[in-house]
Amino acid sequence: RDVERSRGLGDVYKRQEDDPKMKSISSGRWILGSLGAFAAGFASGMLGIGGGLLKVPIMVLVLSTPMRTAIATSMFMISITAPTAASTYVLHGLVSPDLLLAGVIGAAAGAQAGSRVSLRTGTRILRKIFSLLLVVFAAMMLFKGLGLLS
């Protein structure tokens, strides 16, 4: 499936306005989405979890955003919000330089590869993969919280 290339942000916004799948967001849904994003940011900053695991379902289910748009928007939001939380941890001396270097190299390569694969993957498959990952991570966290997984 070919994905149309954009020449700039203006083109992106124009395409979204013309997309029949993109619905305008009512003020009530906008408030719910903002509260959900706050909760996702709070959980991400407090627990170190990826906020996208919470933001993407909020955008898809509450704001009626198409899956691919929710994924891309989440990635953009994370690029802005993650440094905010990270700077707090750096200032408190809680960041390991060794882990940071390995994590940044791996995450950057994985994000590049994942975003390219995502653009070539059907929306239904993306939803299934995302749903499966949510269930797996939730089960792992539950078992770890109950002391059944170390």
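Thresholds applied
- Residues numbered from 1 in each chain as written.
- Predicted model: local features only at pLDDT ≥ 70, side-chain atom pairs only at ≥ 80, totals over all residues.
- Heavy atoms only, no water.
- Helix = DSSP H or I, 4+ residues; strand = E, 2+ residues; numbered from the N terminus.
- Contact = heavy atoms within 4.5 Å.
- Phe/Tyr/Trp six-rings, centres within 6.5 Å; stacked < 30°, edge-to-face > 60°.
- Axes fitted to C-alpha atoms, helices over the stretch in contact; angles between N-to-C directions.
- Parallel < 35°, antiparallel > 145°, perpendicular 65-115°, else oblique.
- Nonpolar A, V, L, I, M, F, W, Y, C, P; charged D, E, K, R; others polar.
- Expected span 1.5 Å × (residues − 1).
- Bend = angle between axes of the 7 residues up to and from the residue.
- Buried < 20%, exposed > 50% of the residue type's maximum accessible area, 1.4 Å probe, protein only.

A. Region of interest: the overall build of the protein. Scanning the protein for helices and strands turns up six helices and zero strands. In the protein, the succession of α and β elements from N to C terminus is α-α-α-α-α-α. Within the protein, residue pairs in contact and separated by at least 24 positions form 58% of the contacts whose partners lie at least 6 positions apart.

B. Quick look at the packing of aromatic side chains. Under the defined criterion, the tally for this structure stands at one aromatic pair. The interplanar angle of 25° and the centroid separation of 6.3 Å between the aromatic rings of Phe38 and Phe42 together place this pair among those described as stacked. Here Phe38 and its partner Phe42 are both found in helix α2 (residues 27-47), four residues apart, which amounts to about one turn of the helix.

C. Geometry of the packing of helix α4 (residues 67-91) against helix α6 (residues 123-145). Taken N-terminus to C-terminus, the directions of α4 and α6 make an angle of 55°; their axes are 9 Å apart at the nearest point. Here α4 lies oblique to α6, going by the angle between them. Facing α4, whose interface residues are Met67, Arg68 and Ile71, α6 presents Thr123, Leu126, Arg127 and Phe130. Its residues assigned to classes, the contact of α4 with α6 shows four nonpolar, one polar and two charged.

D. Representation of the environment of Gly45. Along the chain, the position of Gly45 falls in helix α2. Residues Gly45 and Ala85, spaced 40 residues apart in sequence, show a C-alpha to C-alpha distance of 5.5 Å. Excluding residues that lie within four positions of it along the chain, Gly45 makes contacts with Ala85 and Tyr89.

E. Spatial organisation of α4. With 25 residues, α4 should cover 36 Å at 1.5 Å per step; its first-to-last C-alpha distance of 36 Å lies within 8% of that length. A bend of about 30° at Ser79 is the largest found in α4, and the proline Pro83 appears one to four places after it. Along α4, the residues classified as buried are Met67, Arg68, Thr69, Ala70 and Ser74. Gly93 occupies a position one or two residues after α4 and carries a positive phi of about 70°.

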